[in-house]
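Understanding the architecture of this molecule
These are the residues of each chain, in order.
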Amino acid sequence: MDLNTLRDVSELSDPIERARVLGRLMTEEQERLEEAAKMRRQAIAEARDSGMGLEEIGAHLGVSPGRISQMRKGPTARAPEGAAGRAPKVLVRRALPTDPAVRASASLFLVEAERQGIKPDRRMLYVGPEPVSDHVAACLRVEPGTEVIARRKMMTANEVPVRIATSYFRADLFGGTRIAEPEFVKPSLQSALIALGHVFGHAEENLTARPPTSFEYDTLELEPGEWVVQVLRAGYSSEDTPVHVLETICAANRHIFSIGQVSGDDEF
């Protein structure tokens, strides 16, 4: 399903009909994903028959040999246990909202993971221009498809892929700055934004659970049927300028989201 389809469904006035249509679309999406996985297994089998090894195939597809081996096997004939009965490969915490001291560090993920006794790592997947999707465009206040600067990283915990984090910046504000350069920004992205004259004003954060795209499925080495949680955080300056939009795609069954309680009066 695409964003235009979802937008059309969101305009249905009857909530029951809206839920019914969404359920059908989700089922169809899962069926397409399973068929695509079956076709991919066939393609890998043909590549193997031609004499290519797992490492060579993995190098071409940008994944590990172990992931290629997993792709070849596909889902087992026996129905898998429910999510509650299956131990995750690794479990990391993602605090919401993020502690400002942690967000101001060199890497939010590295600090959070180290606090949990997990061995973290990260690698840059892409830095450069790309057309912006509808939901990110709304945060950046630009038209969908506008070319923006994207900085995309993958995070691993104990060598298991857990998140894909992409920072988006308006090209008219950050083109030609350190933000657009390919390496990690040091000492931190936050310090670079401040050095460019931006003072933090406020942020808006939203979570969405959904099936993964094919890129997310492969990059996070997900199992068939696993979902992702999309955390979209839009940061605005004190002048209400959209400075930084961070989209984090989390492997759902490898995360616990800790929600912080605001201070002040409350009720049990």
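Residue positions within a chain follow its written sequence, with the count starting from 1. A pLDDT threshold of at least 70 governs which residues receive local features in this predicted model, and a stricter bar of 80 or more applies before side-chain atom pairs are shown or counted, although totals over entire chains, interfaces and linings include all residues. Side-chain numbers come from the whole structure's heavy atoms, not from hydrogens or water.

1. Some thoughts on the overall build of the chain
Secondary structure follows DSSP: runs of H or I at least 4 residues long count as helices, runs of E at least 2 residues long count as strands, and numbering of each begins at the N terminus. Tallying secondary structure elements over the chain gives 10 helices and 8 strands in all. Only protein chains enter the accessibility calculation, which uses a 1.4 Å probe; a residue whose area is less than 20% of its type maximum is buried, one above 50% is exposed, and one in between is partly exposed. Counting only residues that meet the buried cut, the chain has 37% of its 268 residues in that class. A contact between two residues is defined here by any heavy atoms of the two lying within 4.5 Å. Residue pairs in contact within the chain that sit at least 24 positions apart in sequence constitute 61% of those at least 6 positions apart. Note on areas: these come from Shrake-Rupley sampling with a 1.4 Å probe, and a residue is covered only by the protein chains present in the view. Roughly 15,400 Å² of accessible area belongs to the chain as shown, and the carbon and sulfur atoms make up 54% of that amount.

2. Section: the confidence of the model for the chain
Per-chain confidence: the chain averages 83 in pLDDT, with 86% of residues scoring 70 or above. Low confidence marks residues 76–85, where pLDDT is under 50. Its contacts with residues over four positions away, or in another chain, come to 2 contacts. Note on scores: pLDDT gives the predictor's confidence for each residue, bounded by 0 and 100.

3. Notes on unusual backbone geometry
A cis amide bond, omega 0°, links K186 with the succeeding residue P187. Locating P187 in the fold gives a position in the loop between α8 (171–174) and α9 (189–195). Phi is positive for E221, close to 55°, though the residue is something other than glycine. Take E221: it is sitting in the loop between α10 (214–219) and β6 (228–237). For D240, which is not a glycine, the phi torsion comes out positive at approximately 65°. Its location among the elements puts D240 in the loop between β6 and β7 (242–251).

4. Focus on the packing of helix α1 (residues 3–10) against helix α2 (residues 15–49)
For every element, the axis is a line fit to its C-alpha atoms; helices are fit only across the contacting stretch, and the angle between N-to-C directions ranges from 0 to 180 degrees. Relative orientation of the contacting elements α1 and α2 amounts to 160°, with a least axis distance of 9 Å. Classified by the interaxial angle, the pair formed by α1 and α2 is roughly antiparallel. When α1 is examined against α2, the residues T5, L6, V9 and S10 are found in contact with a partner set consisting of R18, V21, L22 and L25. A breakdown of the residues in the contact of α1 with α2 according to their chemical character gives 5 nonpolar, 2 polar and 1 charged. Roughly parallel covers angles under 35 degrees, roughly antiparallel covers those over 145, roughly perpendicular covers 65 to 115, and oblique covers all other angles. Residue polarity follows a fixed list, in which Ala, Val, Leu, Ile, Met, Phe, Trp, Tyr, Cys and Pro are nonpolar, Asp, Glu, Lys and Arg are charged, and the others, Gly among them, are polar.

5. Some words on the side chain of E247
Among the secondary structure elements, E247 is positioned in strand β7. Under the convention used here, Asp and Glu are negative, Lys and Arg are positive, and both His and the chain ends fall outside the count. Criterion for a salt bridge: a side-chain nitrogen of Lys or Arg within 4 Å of a carboxyl oxygen of Asp or Glu. Buried charge E247 goes without a salt bridge, the closest partner of opposite sign being R210 at 4.9 Å. Two N or O atoms count as a polar contact when they lie within 3.5 Å, although within protein this holds only if one can serve as hydrogen donor and the other as acceptor, and sequence-adjacent residues are included solely when both atoms are side-chain atoms. At 2.6 Å, the side chain of E247 forms a polar contact with the side chain of H135.

6. Comments concerning the pairing of strand β3 (residues 147–157)
Of all the 11 residues making up β3, 10 are buried; the element is thus mostly covered by neighbouring parts of the structure. As paired strands, strand β2 (residues 120–131) and β3 are joined by 11 bridges and run antiparallel to one another. Paired with V127 across the two strands is R151, which belongs to β3. Two strands qualify as a pair provided that DSSP identifies no fewer than 2 bridges between them. Where β3 and strand β4 (residues 160–170) come together, 10 bridges link them in antiparallel fashion. Along β4, the bridge assignment pairs A157 with V160. What sits between β3 and β4 in their antiparallel hairpin is a turn of 2 residues, with N158 showing a positive phi close to 50°.

7. As for the sheet that holds β7
If you walk across this open sheet you meet the 6 strands as β2-β3-β4-β7-β6-β5, and the pairing is antiparallel. Each edge of the sheet is formed by a strand with only one pairing partner; in this case those strands are β2 and β5 (200–210). For this sheet, the mean inter-axis angle between neighbouring strands, taken without regard to orientation, is 15°. With 10 bridges connecting them, β5 and β6 associate as antiparallel partners. Residue H202 lies in a different strand from β6, and its bridge partner there is Y236.

8. Looking at the pattern of salt bridges
By the definition in use, this model includes 9 salt bridges. In this structure, R7 and D134 form a salt bridge, with 2.5 Å as the shortest nitrogen-oxygen distance. Highlighted residues: R7 in helix α1 and D134 in helix α7 (residues 134–140), separated in sequence by 127 residues. When its relative accessible area of 24% is taken as the criterion, D134 is described as partly exposed. With a shortest N-O distance of 2.8 Å, E130 and R152 are connected by a salt bridge. Within this pair, whereas E130 is found in strand β2, its partner R152 is found in strand β3, the two being separated by 22 residues in sequence. Residue class for E130 comes out buried when judged on its relative accessible area of 16%.

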